[in-house]
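Chains, contacts and geometry: an overview
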2 protein chains.
Amino acid sequence: MTYGIENLPYASVVDADGRRFAAVRYGDAVLDLAHVDAGLFASGTLDALLAAGPDAWSWVRSDAATVIESGSVPLVALADVTPVLGFTVADYVDFYASEHHATNAGRIFRPNDEPLPPNWKQIPIGYHGRSGTVVASGTPVVRPSGMRGPGDAGPSARMDFEAEVAFVVGVPGSRIPEGDAHQHVFGLFLLNDWSARDIQAFETVPLGPFLGKSFATSVSPWITPLAALNAHHVDGAGLDIDLEVAINGEVVSRPRFADMYWTYAQLLAHLTSNGAPVRTGDVYGSGTVSGPDRGQWGCLLELTWNGTEPLGLGDGSVRTWLEDGDEVVIRAAAGSISLGEVAGRITPE
Amino acid sequence: MTYGIENLPYASVVDADGRRFAAVRYGDAVLDLAHVDAGLFASGTLDALLAAGPDAWSWVRSDAATVIESGSVPLVALADVTPVLGFTVADYVDFYASEHHATNAGRIFRPNDEPLPPNWKQIPIGYHGRSGTVVASGTPVVRPSGMRGPGDAGPSARMDFEAEVAFVVGVPGSRIPEGDAHQHVFGLFLLNDWSARDIQAFETVPLGPFLGKSFATSVSPWITPLAALNAHHVDGAGLDIDLEVAINGEVVSRPRFADMYWTYAQLLAHLTSNGAPVRTGDVYGSGTVSGPDRGQWGCLLELTWNGTEPLGLGDGSVRTWLEDGDEVVIRAAAGSISLGEVAGRITPE
C-alpha cells in the first residue's frame, strides 16, 4: 500500500514549532500546500479548498503533483509533523448502509421478526450524530458512564467499535441527484463510530442513539480525494475498498466496502431529498461496514454476537467487549492506494 | 407583555443598508451593542459574548441598561431593522422532556402498551438534530417530500409544528452538574421543531427521526438571558413561562413550560454526563411543551389525535395537519416579560 502521486491525501498537520499547515502526503513526507496556493491555504486548513469546488480540487491536485515531481520544494518528513482534523465539521450524519450489518443487528435484537425493518431497502436509514466530538485518530477514547439499564448507572460495560467509511462535503447543495454527488463530495476517510452498547440500548427507544454514541467519533486525518479512486468504482458509485480492523495489533475482521447496499451517492441524495441543504464540512458516515462472512463483520456486536460468543485474540486473551487499554486500528486500501488508518485506545474514566 | 430594562433580549439585526450589528431590544427600539463594547461585538454577532461567560453577561447587561437609561445614545427603531440568527449554531439536540407530550405520543402510537417507555423517567430522552437547517423566525418553511410509507413517495401530507423552548450554551464544559447550568447556559428562545409526521413515521425505526425533522427548525431571534428570569424560577431550575400557539392568527393552544418534567439544568447535565463536551453555540430544545389539558397541547399530533379529530379554526375551517399557506406563530412570556415569537409559513415545494 502506497501514498504515491496517484492518491496524495490531504490533511492539516502541526510541526514541532506548533505551526499548522495544510498538506498532502507523498510516501513518508508531506508537501506544505502554501507552495501550491498561499491564499487558498492561508488558514492552515482545508476549509477553503473544500468550498472551492471540483475545478479547484483538480488543479490543486495536479499542481501539487507537479511541485512534488519537480523536486523544486523540500518536503517535510512525516515523522516531524502530527496530522490533525483538517476541516471544520459542520453537521455529522451516520447511516446504516450495510445490509449484512443491518441483518445481523436485526437477528440479534429482534430474533422473532424479519431481520430488516420494512423501510430498510426503500430508503437509507440514518441519524444525526454529534459534530463536536469528532476527533482525530490517536485521541484517547474515555470510557463513558451512563444508564446501562433500569436503575443501573456506571461506566459502560459494553464498549464497541464500528468500522466505517465517511465522506466530507465540499460544495453546498440540496436535492442532489445521485449523478451529481461527485460535484459535491470532496473525499473520504475512515471513521470509528465508538458505541457504548448498554447505554445505547437503554436510551434508544423511541428517538434513536444519543449518549451511547456522542462521547467520541474518531476519524483518520488523511482525506483521500474521490478523484483518486476513479479506477476503483464498482456498480456506478460503489467503491472497491478493503478494510481491516485490528485490536491490539491482531486483525479481527476484513470488511469490504464493495459489499455495501447503498452507495455514497445514494446516501447524499437521500440526505438532501427533503430539501435540507448540505454545507461545506458536512460529514456522513456509511454505518458499520460488514460483509456476508463472520471474518468480514465490522463491530464486536456482530463478531461476539452481542457478547455471547467471545472472540479470541492472538495473545490467548478473549474479548466480548473492549477493555481499558485496548487499541482499535481500522486501516483501508483501494487496490495499491492506502486510505490510511484511524486508531484509538480506550482509557478509564 | 413588555421589552423593558428587566429583560433586554439579544439578537443580531440587519439595517436597511445591510449592516449587521448585535443589539438588545428595549420596547420598540434596539441599542447597537457597539456602544457598550466595540470589541466584543465587532463581528456583529453574539458569538464572543456567549463565550465570554457569566461575568461579561452581567456587566454587558448592566452597561446596556445604563446606556439606554442615560439617553446618551440614540436607539434605532425596531421597524428599521430585521432580526436574524445572532450566533453560530454548533451542535443542536432536541429533547422530549414533557411527560404530558410523551404520554400522549405513547397512547397514540402504542395504544396497547404503557404510554411512557421504561427509560423515560430515568433519563431525559433526546437526539441530535440538524444545525444547518436552524433558521430565524419568518423564513418560509418549504413542505418536504419523502417516503410517506412503503412505496409511497411525495410531499408530506402530515405537516406539524412543535412548540418548544430552547437554550443556547455560552461556556464550554463537560459533565456539568445541575447546579452549574446557569454558569454555562446564556439564555433561551422559542423553537418550532417542524415535523413531517408521515416521513418521520416511516423512517424512525430503529435510529430515530431524520428527514422528517431535518428540513427546517425555526427559532425566535431574540434571546432572553437566563438572568432576566431570576424571578420566574419554579422548583429549582423550572421556569414559569406561558406559551401560546396560533395558526393563521387563531390561538389553538396555551402550553405552560412550568409543566415540564425535566428542567433545562437536568437536560444539560444529561447531555454532558457521558463526557461529551458542549461548545459555545450549542443549542438544545426542550421537546414539545404540553400540559395536562387538551388546550395546552403543543403540536397537531396531539391536538388532532394523529389526524383523527380535526381541529376547528376561528374562520370555520378545520385542520388535521398544516396546509400550504398556513402560518404558525409561537409566543411566550414569563410574567410581564415577553420572550418574543417564532413565526413560519408553509409553502409548497
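Residues numbered from 1 in each chain as written. Chains lettered and ligands numbered in written order. Predicted model: local features only at pLDDT ≥ 70, side-chain atom pairs only at ≥ 80, totals over all residues. Heavy atoms only, no water.

**Quick notes on helix α7 (residues 264-271) of chain A**
Because the α-helix completes a turn every 3.6 residues, residues three or four places apart line up on one side. Within α7(A), 7 of the 8 residues are buried, which leaves it mostly tucked inside the rest of the structure. Listed as buried for α7(A) are A:Y264, A:A265, A:L267, A:L268, A:A269, A:H270 and A:L271. (Buried < 20%, exposed > 50% of the residue type's maximum accessible area, 1.4 Å probe, protein only. Helix = DSSP H or I, 4+ residues; strand = E, 2+ residues; numbered from the N terminus.)

**Focus on the interface of chain B and chain A**
Facing 48 residues of chain B, the contacting portion of chain A comprises 49 residues. Carbon and sulfur atoms supply 58% of the area buried between chain B and chain A, which totals about 4200 Å² over both sides. When the buried area of chain B at its contact with chain A is split by residue, B:R130, B:L207 and B:F210 rank highest and sum to 19% of it. Where chain B packs against chain A, one counts 4 salt bridges. Residue B:R175 pairs with A:E349 through a salt bridge whose shortest N-O separation is 3.3 Å. (Contact = heavy atoms within 4.5 Å. Buried area = accessible area lost by both parts, 1.4 Å probe. Salt bridge = Lys/Arg side-chain N within 4 Å of Asp/Glu carboxyl O.)

**A short note on the sheet that holds strand β20 (residues 242-247) of chain B**
The strands making up a sheet associate through backbone hydrogen bonding, with each pair oriented either parallel or antiparallel. Residues and elements named next belong to chain B. Reading across the sheet, the 5 strands line up as β9-β26-β25-β20-β21 and stay open at both edges, with mixed pairing between neighbours. A single partner strand is all that each edge strand has here, and the edge strands are β9 (141-142) and β21 (250-253). Two strands pair when backbone bridges link them, and strand β25 (residues 327-334) and strand β26 (residues 337-347) are joined in this way by 7 bridges, in the antiparallel orientation. In the sheet register, E327 faces β26, and the bridge partner there is R345. (Pairing = 2+ DSSP bridges.)

**A closer look at the packing of aromatic side chains**
Here the structure, examined in full by the defined rule, presents 22 aromatic pairs over all chains. Pairing A:F167 with A:Y264 gives two aromatic rings, centres 5.2 Å apart and planes at 15 degrees, and the pair type is stacked. Here the residue A:F167 occupies a position in strand β13 (residues 163-169), and A:Y264 occupies one in helix α7, the gap between them amounting to 97 residues. Taken individually, A:F167 and A:Y264 each receive the classification buried, so the pair is uniform in this respect. Here the aromatic residues A:F95, A:F167, A:F257, A:Y264, A:Y284 and B:F210 are joined through ring pairs into a cluster of three or more. If you follow A:R25 out to its NZ or CZ, it ends over the ring of A:Y3, 3.5 Å from the centre. (Phe/Tyr/Trp six-rings, centres within 6.5 Å; stacked < 30°, edge-to-face > 60°. Lys NZ or Arg CZ within 6 Å of the ring centre and 35° of its normal.)

**What about the nonpolar core?**
Membership of the largest hydrophobic core comes to 142 residues, with the highest contact counts inside it found for A:F161, A:I241, A:Y284, B:F161, B:I241 and B:Y284. Of all hydrophobic cores here, the second largest spans 33 residues; its members include B:L8, B:L40, B:V67 and B:F87. (Core = buried A, V, L, I, M, F, W, Y, C linked by side-chain atoms within 4.5 Å.)

**Some remarks on the relation of the copies chain B and chain A**
Screw-axis analysis of chain B against chain A gives a translation of 0.0 Å along the axis, an RMSD of 0.0 Å, and a rotation angle of 180 degrees. Within this description, the copies of the chain are treated as partners about a two-fold rotation axis. Rotation axis and chain B: the residue whose C-alpha lies nearest the axis is B:G208, separated from it by 2.1 Å. Comparing interface residues between copies, 100% of those in chain B also lie at the interface in chain A; the contact surface is shared. (Least-squares fit on C-alpha atoms with pLDDT ≥ 70 in both.)

**Looking at the sheet that holds strand β21 (residues 250-253) of chain A**
Residues and elements named next belong to chain A. Read from one edge of the open sheet, 5 strands run β9-β26-β25-β20-β21, paired in mixed fashion. Two strands in the sheet have a free side with no partner beyond their single neighbour: β9 (141-142) and β21. One ladder, built from 3 bridges, connects strand β20 (residues 242-247) with β21; its direction is antiparallel. Residue I247 lies in a different strand from β21, and its bridge partner there is E250.

**Regarding the environment of A:R175**
Summarising the element assignment, A:R175 is placed in the loop between β13 and α4 (181-184). Residues A:R175 and A:T103, 72 residues apart in the sequence, show an inter-C-alpha distance of 29 Å. If we skip the residues at most four places from it in the chain, A:R175 touches A:T272, A:S273, A:N274, A:G275, B:V142 and B:E349. Of note is the side chain of A:R175, whose polar atom sits 3.3 Å from the side chain of B:E349. (Polar contact = N/O pair within 3.5 Å; in protein donor to acceptor, adjacent residues only side chain to side chain.)

**Focus on the pattern of salt bridges**
All names here are of chain B. Scanning all chains against the criterion turns up 42 salt bridges over all chains. With a shortest N-O distance of 2.9 Å, R197 and D160 are connected by a salt bridge. With R197 in helix α5 (residues 197-203) and D160 in strand β12 (residues 159-160), this residue pair connects regions lying 37 residues apart in the sequence. The buried category is assigned to R197, whose relative accessible area is 9%.

**Quick look at the domain arrangement of chain A**
All names here are of chain A. What the domain assignment lists for chain A is domain 1 (10-84) and domain 2 (92-347). Summarising the inter-unit geometry, the C-alpha centres of domain 1 and domain 2 are found 28 Å apart. In this assembly, 19 residues from domain 1 lie in contact with 18 residues from domain 2. Counting the surface domain 1 buries against domain 2, the share from its top three residues, Y10, L50 and W57, is 45%. (Domains from an automatic or database assignment.)

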